[in-house]
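As a plain string of letters, each chain reads:
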Amino acid sequence: MKKNPRIIAVCASVSHYPHLPEIQRELRSLGYKAILPKTAKKMIKSDNFSVEKHKAWYKDKSLYKIKTSLIKAHLKEIEKCDAILVANYEKNGLVGYIGGNVLIEMAAAFIGKKPIFILNPIDENLGIKEEVYGLNSIFLEGKLENITARFKTKRYHS
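From a predicted model like this one, the values you see are computed outputs, not experimental measurements.

Remarks on the overall build of the chain
(1) Moving on: Tallying secondary structure elements over the chain gives seven helices and five strands in all.
(2) Moving on: Sequence-ordered secondary structure for the chain, helices as α and strands as β, is β-α-β-α-α-α-β-α-β-α-β-α.
(3) Moving on: Its C-alpha atoms give the chain a radius of gyration of 15 Å, near enough to 15 Å, the size a compact globule of 158 residues would have.
(4) Moving on: Across its three principal axes, the chain shows a C-alpha extent of roughly 45 × 40 × 25 Å.
(5) Moving on: In the chain, which comprises 158 residues, the share counted as buried stands at 43%.
(6) Moving on: Sequence separation of 24 or more characterises 66% of the internal contacts of the chain that already satisfy a separation of 6 or more.
(7) Moving on: Summed over its atoms, the accessible surface of the chain is roughly 9,200 Å², and 52% of this surface lies on carbon and sulfur atoms.
(8) Moving on: If you average the places of the 28 positive and of the 16 negative side-chain charges in the chain, the two averages end up 9 Å apart.

Right, here's the structure in full:
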């Protein structure tokens, strides 16, 4: 009888969504089920990774209800998952950028006692570095295959 795969919710800045199809493929090849944010799925399906096109609230503040809905939807996915993976890359001159929305998702995983895997190291100038480190984040040093060994340690939030 085949065991159900562990579920990993992928979290990333919208500007990093072009990396997510490859991350999803690699996680699947490692035996995991990867859950992507709704906007990432739309971008992949349409092959349009324009941040401005998908963030309509930038131009019309009355559309922030869409952002609220997207936050709620991904937080529900995080509740159901076994871990989160933060796909962090360079943005605004910062290596391993992590923004406010991803920090919210990391906090939800932390509260749920789920491992928080971070793909790449973070810049020491990242404004939220204390919070990132304080949530007992597990850094993968750019290698998704490190997730398997880290799952085996079972020490995430001591």
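Brief notes about the packing of helix α4 (residues 64–80) against helix α5 (residues 100–111)
(1) Moving on: In contact at an axis separation of 10 Å, α4 and α5 are set at 30 degrees when each is read in the N-to-C sense. It follows that α4 is roughly parallel to α5 by the angle criterion. Of the two elements, α4 crosses α5, and the hand of that crossing is right-handed. Within the contact between the two elements, α4 uses K67, I71, H74, L75 and I78 and α5 uses N101, I104, E105, A108 and A109.
(2) Moving on: Within the contact of α4 with α5, the residues separate by chemical class into six nonpolar, two polar and two charged.

Quick look at the side chain of N120
(1) Moving on: Structurally, N120 is set in the loop between β4 (116–118) and α6 (129–134).
(2) Moving on: The contacts of N120, once residues within four sequence positions are left out, are N88, Y89, F139 and G142.

Quick notes on the sheet that holds strand β1 (residues 7–11)
(1) Moving on: Here we have five strands laid out as an open sheet, ordered β2-β1-β3-β4-β5, and parallel in their pairing. Of all strands in the sheet, those with a lone pairing partner are β2 (33–35) and β5 (138–139), marking the two edges.
(2) Moving on: Where β1 and β2 come together, three bridges link them in parallel fashion. Residue pairing for β2: A9 is matched across the bridge by I35.
(3) Moving on: Most of the contacts of helix α1 (residues 20–29) go to β1, to which it runs at about 165 degrees, and overall it touches β1, β2 and β3 (83–86).
(4) Moving on: Across the face of the sheet, α5 comes into contact with β1, β3 and β4 while running at roughly 155 degrees to β3.

What counts, and at which threshold
- Residues numbered from 1 in each chain as written.
- Predicted model: local features only at pLDDT ≥ 70, side-chain atom pairs only at ≥ 80, totals over all residues.
- Heavy atoms only, no water.
- Helix = DSSP H or I, 4+ residues; strand = E, 2+ residues; numbered from the N terminus.
- Rg over C-alpha atoms; globule rule 2.2 N^0.38 Å.
- Buried < 20%, exposed > 50% of the residue type's maximum accessible area, 1.4 Å probe, protein only.
- Contact = heavy atoms within 4.5 Å.
- Areas by Shrake-Rupley, 256 points an atom, 1.4 Å probe, with all protein chains shown as cover.
- Lys, Arg positive; Asp, Glu negative; His and termini not counted.
- Charge placed at Lys NZ, Arg CZ, Asp CG, Glu CD.
- Axes fitted to C-alpha atoms, helices over the stretch in contact; angles between N-to-C directions.
- Parallel < 35°, antiparallel > 145°, perpendicular 65-115°, else oblique.
- Left-handed = near helix turned anticlockwise from the far one by under 90°.
- Nonpolar A, V, L, I, M, F, W, Y, C, P; charged D, E, K, R; others polar.
- Pairing = 2+ DSSP bridges.

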